[in-house]
Amino acid sequence: MKTITLSPSGQNVPIADDDTVLQALEKGGYALPNNCRAGACGECKVRVLEGQFDQGFVLDMALSQEERKQGFGLMCVAKPISDRLVLEWGSVRPSPKLFPPRESMPYLVVDKIRRTPRIVELQLMPLEAPMRFWPGQYIAIRAPSRQTQPRHYSLARAPQPDGMIVLHITRVEGGITSSWLHDKVTIGSILPLSGPYGTFIGDPKAETPVLCLAAGSGQAPILCLADAALRRGYSSPVTLIFSARTSDDVYAQGQLTYWTYMHPNFKSIITLTREQREGMLSGRIPDILPGLFRDLSAHSVFVAGSTSFTDACVAVVKRLGAKEELLHTEKFIDVSAMHAP
């Protein structure tokens, strides 16, 4: 079996023949940042100090030709060729953080709720040992078609004693998996889930004010993070700003209102980009944010949504002083175009 060595710690991680480097690290419990898992975002970029690897297909925007010459690779699709691969990653004593992902866990759909014209909520119960995960992580589902790639969906509720998980599924134009989940999957269906994945988990020890920015079903991981923080008595200010096109696209208002009443430190703001509505702001989050916050240098900032939304929000919060080490993003990347003929 091949081996991955982390430098400078010198810790070794075995890698199975069919696994990518990212999969092997996750099975070993290491929290290597990642997002798309398809060579499109660049979050898992690492320099390879020793050994050879098959990079696989990646986008130049995620890994430039110059970076490849310097030895960098995207670990989500990289597979070792040599028996040993040495990665420049981690500290002297990197400690395992993630729960190892599991494949094809059977979950039963116990409820299906239409939240907006484009978003449906699935509530699922485990038929075997429940999945252990950090709030903010996601799972993978593959539609029953050999032509589809696994699609990723964020967990929308903090871990529950009974193991229930909640997903918010946005219908994607021409999307095989999202259409299947919307139109074919019913209460009583059994879905094979894989996961958990992702590192949109923040620092559980942080005590800073928190700002959460979300659009569409990007609200799912934000709700999960906020739910977990408020349940454990997080006392610093938490502000959640949700952007939707129209009032019909707004969901989870009941949950947000409940948190507002029950937790004096929690505040939610809704803004609409294509409609004006009493009690809601108008405009895109990047445009209205400077009028709401003058200085974000002391805030932990979490941003989730499409790539364009996330990038625009990150640019603004950095101008307002947000620090890189306190900034966490979850980009919902459409990788279907990468595999199109």
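Above this text you will find the structure in question.
Our subject in this report is the structure included herewith. Computed from a predicted model, the values in this text were never measured in an experiment. (Residues numbered from 1 in each chain as written. Predicted model: local features only at pLDDT ≥ 70, side-chain atom pairs only at ≥ 80, totals over all residues. Heavy atoms only, no water.)

Ranked by internal contacts, the top residues of the largest apolar core, which has 26 residues, are Ile-222, Leu-240, Phe-242, Trp-259, Phe-266 and Phe-302. Elements represented by at least two residues in this core include exactly strand E14 (210-215), helix H4 (219-231), strand E15 (238-244), helix H5 (253-262), strand E16 (266-272) and strand E18 (300-306). With six residues, H4 is the single largest residue contributor to this core. Among residues more than four places away in sequence, those in contact with Leu-240 are Cys-212, Gln-219, Ile-222, Leu-223, Leu-256, Phe-266, Lys-267, Ser-268 and Ile-269. Formed by 25 residues, the second largest nonpolar core is a distinct cluster that contains Val-13, Leu-25, Cys-76 and Leu-85. (Core = buried A, V, L, I, M, F, W, Y, C linked by side-chain atoms within 4.5 Å. Buried < 20%, exposed > 50% of the residue type's maximum accessible area, 1.4 Å probe, protein only. Helix = DSSP H or I, 4+ residues; strand = E, 2+ residues; numbered from the N terminus. Contact = heavy atoms within 4.5 Å.)

Strand order in the open sheet made by the six strands is E17-E16-E15-E14-E18-E19, with parallel pairing throughout. Because the sheet does not close on itself, it has two edges, and the strands there are strand E17 (281-282) and strand E19 (327-332). The pairing of E15 with E16 spans seven bridges and is parallel. From the neighbouring strand, Leu-240 faces E16, where its bridge partner is Ser-268. The strands touched by H4 within the sheet are E14, E15, E16, E18 and E19, with E14 carrying the most contacts at an inclination of about 150°. In the packing of helix H7 (residues 307-319) onto the sheet, contacts are made with E14, E15, E18 and E19, and the angle to E18 comes to roughly 155°. (Pairing = 2+ DSSP bridges. Axes fitted to C-alpha atoms, helices over the stretch in contact; angles between N-to-C directions.)

If you walk through the whole model with that rule in mind, you get six aromatic pairs. Ring geometry for Phe-99 versus Trp-134: centroids 6.0 Å apart, planes at 25°, classification stacked. Here Trp-134 lies in the loop between strand E9 (119-126) and strand E10 (138-141) and Phe-99 lies in the loop between strand E7 (84-88) and strand E8 (102-114), a separation of 35 residues in the sequence. Owing to a relative accessible area of 21%, Phe-99 belongs among the partly exposed residues under this scheme. Both rings, one in Phe-242 and one in Tyr-251, keep their centres 5.8 Å apart while their planes meet at 85°; by these two values the pair is edge-to-face. (Phe/Tyr/Trp six-rings, centres within 6.5 Å; stacked < 30°, edge-to-face > 60°.)

Let us look at unusual backbone geometry. The omega torsion of the bond from Ser-7 to Pro-8 falls at 25°, within 30 degrees of zero and hence cis. The residue Pro-8 is located in the loop between strand E1 (2-7) and strand E2 (12-15) in this model. Although it is not a glycine, Ser-104 adopts a positive phi angle of roughly 50°. Relative to the elements of secondary structure, Ser-104 occurs in strand E8. Look at Ala-252: it is not a glycine, yet its phi comes out positive at around 70°. Within the secondary structure, Ala-252 is located in the loop between E15 and H5.

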